[in-house]
Amino acid sequence: MHTPSGDDSPVTPPHTDPIPPEEAGGEAERELGRLAAVVERLRQEVRRTRRAADDRAVVELAKGVLVERLRCGPAQASEQLATLAAKAGVSRLEVAADVVSEVARDRIGEAGRNDPEAAVRLRTAESAALGAHDTMVVAAAMLEHALGPLGAKAVAVWAAEPGAALCLAGYAGFGDEEARRWRHVPPGVLTPAGRTLTERRLIWHSDSGLPAIGRLVAGGGRVTVPMTVGGRILGVLEICWPNALPPRPPRIERQIEAMAELCAHTLDPPLVPLAPSSRAPSEIVDLADTLPDPALVLRAQPDARGEPADFRIEHVNERITGGDGLLLEAYPLVSGGLLLEAYPRAAGGLFSRLERVHATGEPFRAERMPLALSTTGVADVSLTRHGDCVLLVWRDHDEGARLAGLLEHAQRLGRIGGFEENTMTGHITWNAQLYSLYGLTQGDDPIPLERLRDHAHADDEIAIGRFLRTVLHHRRFAAVAFRLRRPDGVTRHMRVVAEPVFGPDGRLMAVRGAYQDISSQHWTEVALSATREELAQTEEQSAARNRLALQLQQAIMPPSHGSMDSSGLHIAVRYRPAQKEHLVGGDWYDAVALPSRRVLLSVGDVAGHGVEAATGMVVLRNALRGLATTGAGPAQIMSWLNQVAHHLADRMTATAVCGLYDPPTRVLRWARAGHLPPILLREGNGSELAMVKGPLLGAFTDAQYEEGELQLRAGDTLLLYTDGLIERRDHNLRHAQDQLLAIAERHAATLDHRLDDLLTHCHSDTDDDTCLIGVRLN
């Protein structure tokens with residue numbers, strides 16, 4: 001590269017300082033912000049342009065109305081609109097909406113009457129929807145023009161599918177991901193839109209708890225309204241608000257219903273013919289003609305409101321017109337006539353179901369339904385919608401055939417077979433079940449009743465002979481049980497009943513009867529008999545064990561109403577056995593003066609009943625006496641006794657309280673093993689001793705027991721008892737303990753009277769045995 005002066009020295013490029021990274025990042029953000037602002041400005045411009053186009057569409061529609069009515073050109077019509085707007089002091093758009101509504105006299109016009117603002121919104125939404133190319137644009141137009149001004153934030157357009165399913169045809173205000181999740185609602189799933197499809201009415205929803213589209217986005221209130229054309233529900237319009245909805249006036253409901261009707265016309269035009277053909281589709285006619293049952297093709301005849309007032313008979317198949325032996329007089333139905341005119345009684349249940357199927361498209365099927373069209377009055381009915389027609393098919397119910405089928409079914413379940421022997425001709429008739437009972441096929445010859453001996457066990461011949469003489473000779477009803485020997489070698493226990501049938505002249509005409517296979521009942525009775533014998537033997541053994549347990553308990557335990565005085569203590573005991581012998585339990589009590597001059601007081605309860613509980617009681621009671629003579633304290637004694645219960649007594653479990661009273665110091669040391677604490681009565685007040693820790697005997701090998709200490713005073717009374725005294729099924733244990741304290745605080749002349757009062761008034765209901773010790777310090 002050379003300079004113009006011819007200097008060969010290289011040209012030095014100009015110096016530029018590098019841009020710091022943080023400045024470069026800020027510049028990029030500013031560029032993105034400017035781009036976003038441009039996009040938003042363009043979006044707003046598109047929205048304004050679209051709204052202006054929608055407004056112009058309403059104005060152009062009104063100009064067209066004026067051209068036709070005033071017989072003028074478009075320019076004059078435009079001038080007329082401007083003049084009317086100037087005189088009324090309103091915009092051209094409001095005048096245009098009024099003109100269109102006055103001429104159309106449709107639901108939109110009714111909803112916007114006396115509300116110019118609503119009329120403009122609805123007509124603008126209508127123009128936008130009619131010019132839309134798909135339902136998504138329709139939903140957006142309705143939300144923008146008509147529903148947004150009412151506070152709505154989202155709208156969903158549901159198309160009804162066969163079987164009462166729903167398909168999301170269009171939406172606005174919901175996210176795409178939410179819409180994908182709700183693109184199809186199968187039959188049987190209850191949603192707000194599905195409820196409206198079923199009930200066929202506008203419904204305002206608060207937070208009903210039903211699953212619904214956009215619950216997280218617009219979880220406040222919503223309204224669902226059916227989209228109906230010609231009495232047929234093509235879908236459901238669902239509108240969502242962000243907050244709970246106050247009561248809505250009727251004018252708002254009329255606006256919403258008008259939008260729903262507009263959606264119905266734009267949802268799927270091929271399925272909504274504005275001028276239906278005068279004949280039913282050939283496919284439906286061909287289908288009806290191929291059916292083996294009577295069938296009608298019906299088309300709704302709407303009233304002034306568009307609701308079905310009757311159904312016109314479009315086609316009658318050959319099963320009705322006499323092609324299969326049916327009399328035409330039985331069906332006064334003519335193609336082109338009205339159903340209610342031909343059969344006024346169809347105005348009952350049939351007509352309401354026709355309306356529902358026609359409106360929702362949900363098929364209807366019923367068995368044994370009362371039907372005036374049926375020759376028997378009862379039929380199996382099927383209703384299905386095909387386009388704008390309804391196919392009615394029924395099958396007459398033959399009551400005699402139904403009862404015969406029920407009888408045959410009952411005979412099969414009961415293993416019963418019937419027969420008839422004609423004594424005049426000798427012809428014998430068996431039903432299919434009797435062949436099966438005998439092990440024969442229906443091609444075999446039936447066996448006469450008089451040859452019954454040849455197929456029975458030899459030991460049953462005498463009984464069968466008496467049966468045959470009674471029926472065939474004395475001609476009276478008779479029955480007999482016997483063992484049937486079948487050709488396949490199987491022996492079955494059977495019962496046969498038979499009775500003679502006489503003619504008008506008194507002669508014997510036939511013998512009718514039935515066989516029943518009673519093998520299962522026979523073997524059940526055999527098994528029950530054996531079980532009864534075993535049960536009687538078991539009960540006898542159980543009674544002997546209970547008597548042994550009671551004798552063992554009575555031999556070991558001290559007298560149940562005994563008392564003693566020892567070392568300044570007056571001790572009284574009570575024992576109340578269980579009322580039922582089989583509930584003999586393992587409760588024990590003991591009060592004995594030890595060689596150390598201390599006094600042992602104890603009560604306990606071995607888990608269970610019977611001999612095991614009684615022998616366990618003997619083991620623990622005697623072990624406790626022996627351990628107490630060692631001079632150890634109550635806690636140590638309980639620890640040793642736990643080892644006895646865990647290792648030496650076949651791992652029994654029990655509760656117990658052990659107390660050692662020292663006469664010189666008047667101190668009671670005590671310990672417990674899962675048992676209720678003793679009660680102290682002092683100066684007329686009762687209280688439980690402070691609880692000390694001690695687990696159940698036999699539950700753990702290394703159980704630790706705490707020891708409590710009580711300084712007794714003159715006049716104190718101590719009560720030790722087992723839970724049989726207070727247990728109730730209808731109250732918890734704490735309630736029963738409080739009741740025991742209240743009874744114990746009552747005045748009693750002597751200690752014995754106090755114990756008797758406790759046994760009388762403590763209302764336990766478990767029928768368990770009870771031990772009670774009372775100790776009074778003199």
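Values in this document were obtained by computation on a predicted structure and should not be read as measured data.

Draft legend 1. Expanded view of the pairing of strand S19 (residues 585-593). Burial within S19 is extensive, with eight of its nine residues counted as buried. Here S19 pairs with strand S20 (residues 599-609) via nine bridges, running antiparallel. Along S20, the bridge assignment pairs Trp588 with Gly604. Here S19 hands over to S20 after five residues, with Arg597 in that stretch at a positive phi of 75°.

Draft legend 2. Quick peek at the packing of aromatic side chains. With the rule as written, the count across this model stands at eight aromatic pairs. Between Tyr438 and Tyr515, the aromatic rings sit 5.4 Å apart at their centres with planes inclined by 85°, giving edge-to-face as the arrangement. Within this pair, whereas Tyr438 is found in helix H15 (residues 432-438), its partner Tyr515 is found in strand S16 (residues 508-517), the two being separated by 77 residues in sequence. Considered together, Tyr438 and Tyr515 belong to a single accessibility category, that of buried residues. Here the aromatic residues Phe419, Trp430, Tyr435, Tyr438, Phe482 and Tyr515 are joined through ring pairs into a cluster of three or more.

Draft legend 3. View of the sheet that holds strand S13 (residues 428-430). Sheet architecture is open: five strands sit in the order S13-S12-S16-S15-S14, paired in antiparallel fashion. Each of the sheet's edge strands pairs with one partner strand only, and the pair in question is S13 and strand S14 (478-485). Direction aside, the axes of adjacent strands within the sheet are offset by 25° on average. Of the pairings in the sheet, the one linking S14 to strand S15 (residues 491-502) comprises eight bridges and is antiparallel in character.

Draft legend 4. Spatial organisation of a nonpolar patch on the surface. Together, Leu32, Leu35 and Val39 make up an exposed nonpolar region whose accessible area comes to about 290 Å². Turning to its location among the elements, Val39 is positioned in helix H1 (residues 21-70).

Draft legend 5. A look at the environment of Gly336. Relative to the assigned elements, Gly336 resides in the loop between helix H11 (318-321) and helix H12 (339-342). The class of Gly336 is partly exposed, set by a relative accessible area of 36%. Residues Gly336 and His315 lie 21 residues apart in sequence; the distance between their C-alpha atoms is 7.7 Å. Once residues lying within four places of it in the same chain are set aside, the contact partners of Gly336 are Arg312 and Ile313.

Draft legend 6. A look at the confidence of the model for the protein chain. Per-residue pLDDT for the protein chain has a mean of 81; in total, 83% of the residues score no lower than 70. This model gives residues 1-7 a pLDDT under 50, and the stretch forms six contacts once residues within four places in sequence are excluded. Across residues 323-331, confidence stays below pLDDT 50; counting only partners more than four residues off in sequence or on other chains, it has 19 contacts.

Draft legend 7. Spatial organisation of the side chain of Arg486. Considering the arrangement of structural elements, one finds Arg486 in the loop between S14 and S15. Residue Arg486 is classed as buried on the basis of its relative accessible area, which comes to 19%. At a separation of 3.3 Å, a polar atom in the side chain of Arg486 contacts the main-chain carbonyl oxygen of Ser436. Residues contacting Arg486, with those up to four places away along its chain left out, are Ser436, Leu437, Tyr438, Gly439 and Arg492.

Draft legend 8. Molecular detail of the packing of helix H6 (residues 135-147) against helix H9 (residues 250-267). Contact geometry for H6 and H9: axes closest at 11 Å, N-to-C directions at 160°. Viewed along their axes, H6 and H9 adopt a mutual orientation that is roughly antiparallel. Judged by the sense of rotation from one axis to the other, the crossing of H6 with H9 is right-handed. Contacts between H6 and H9 involve Thr135, Val138, Met142, Ala146 and Leu147 on the former and, on the latter, Met259, Cys263, Thr266 and Leu267.

Draft legend 9. A look at the pairing of strand S1 (residues 154-161). Of all eight residues that make up S1, six are buried, and the element is covered over most of its length. Both S1 and strand S6 (residues 232-240) contribute to a ladder of six bridges, which runs antiparallel. Across the sheet, residue Ala154 finds its bridge partner in S6, namely Cys240. In this sheet, strand S2 (residues 165-172) lies alongside S1 in antiparallel orientation, the contact comprising seven bridges. By the bridge assignment for S2, Ala156 is matched with Tyr171. Count of turn residues in the S1/S2 antiparallel hairpin: three residues, of which Gly163 carries a positive phi of about 80°.

Draft legend 10. Representation of the nonpolar core. Core analysis: the biggest nonpolar cluster contains 34 residues, and Leu147, Leu237, Ile239 and Met259 have the highest contact counts within it. Of all the secondary structure elements, the ones that give two or more residues to this core are helix H5 (116-130), H6, S1, strand S5 (222-229), S6 and H9. Among the elements that make up this core, the one with the highest residue count is H9 (nine residues). Excluding residues within four positions of it along the chain, Leu147 makes contact with Met142, Ala152, Val155, Ile239 and Met259. Residues Leu627, Ala632, Ala635 and Tyr705 belong to the second largest nonpolar core, which totals 29 residues.

Draft legend 11. Fine view of the side chain of Thr470. Residue placement: Thr470 occurs in helix H16 (residues 461-473). For Thr470, a relative accessible area of 19% translates into the label buried. Non-local contacts of Thr470, meaning those with residues more than four positions away in its chain, are made with Arg475, Arg476, Phe477 and Ala478.

Draft legend 12. View of the packing of H5 against H9. At a minimum axis distance of 10 Å, the contact between H5 and H9 shows a crossing angle of 10°. Looking at the two axes, H5 sits roughly parallel to H9. Crossing of H5 over H9 shows right-handed handedness. Contacts between H5 and H9 involve Ala118, Arg121, Leu122, Ala125, Glu126, Ala129 and Leu130 from the first element and Gln255, Met259, Leu262 and Thr266 from the second. Residue composition of the contact of H5 with H9, grouped by class: seven nonpolar, two polar and two charged.

Draft legend 13. Region of interest: a negative patch on the surface. There is a patch of like negative charges on the surface, built from Glu283, Asp286, Asp289 and Glu318. In terms of residue count, helix H10 (residues 282-290) provides more of the negative patch than any other element does, three residues in total.

What counts, and where the lines are drawn
As a convention, each chain's residues are numbered from 1 in the sequence order in which they are written. Owing to the predicted nature of the model, reporting of local features is limited to residues with pLDDT of at least 70; listing and counting of side-chain atom pairs is limited to 80 or more, with chain, interface and lining totals taken over all residues. Side-chain calculation: all heavy atoms of the structure are included, whereas hydrogens and water are not. Throughout this description, buried means an accessible area under 20% of the type-specific maximum (1.4 Å probe, protein chains only), exposed means over 50%, and partly exposed covers the range between. Here a helix means four or more residues in a row that DSSP labels H or I, a strand means two or more in a row labelled E, and each is numbered from the N terminus. Two strands are counted as paired when DSSP detects at least two bridges linking them. Only the six-membered ring of Trp is used, alongside the rings of Phe and Tyr, when aromatic pairs are assigned; centres must lie within 6.5 Å, and planes under 30 degrees apart are stacked while those over 60 apart are edge-to-face, with the rest tilted. Each axis is a line fitted through C-alpha atoms, and for a helix only the stretch in contact is used; angles between axes span 0 to 180 degrees, taken between their N-to-C directions. Every patch collects residues that have over 30% relative accessible area and no salt bridge, joining them within 9 Å if they carry like charges and within 5 Å if they are nonpolar side chains (Val, Leu, Ile, Met, Phe, Trp, Tyr). Residue burial considers only the protein chains on display, and all accessible areas are found by Shrake-Rupley using a 1.4 Å probe. Salt bridge, as applied in this entry: a Lys or Arg side-chain nitrogen positioned within 4 Å of an Asp or Glu carboxyl oxygen. By definition in these notes, contact holds between two residues if any of their heavy atoms fall within 4.5 Å. Predictor confidence is given residue by residue as pLDDT, running from a minimum of 0 to a maximum of 100. Pairs of N or O atoms are called polar contacts if they sit within 3.5 Å, as long as, within protein, a hydrogen donor faces a hydrogen acceptor (for residues adjacent in sequence, only side-chain-to-side-chain pairs). The cut-offs work like this: below 35 degrees is roughly parallel, past 145 is roughly antiparallel, 65 to 115 is roughly perpendicular, and the gaps in between are oblique. Two helices cross in a left-handed way if the nearer one is turned anticlockwise from the farther one by less than a right angle. They cross in a right-handed way if the turn is clockwise. Among the buried residues, those of types Ala, Val, Leu, Ile, Met, Phe, Trp, Tyr and Cys that are joined through side-chain atoms within 4.5 Å form a nonpolar core. Ten residue types, Ala, Val, Leu, Ile, Met, Phe, Trp, Tyr, Cys and Pro, are classed as nonpolar, four, Asp, Glu, Lys and Arg, as charged, and the remainder, Gly among them, as polar. In this count, Lys and Arg are taken as positive residues and Asp and Glu as negative ones, while His and the chain termini are left out. One atom stands in for each charge, and that atom is NZ of Lys, CZ of Arg, CG of Asp or CD of Glu.

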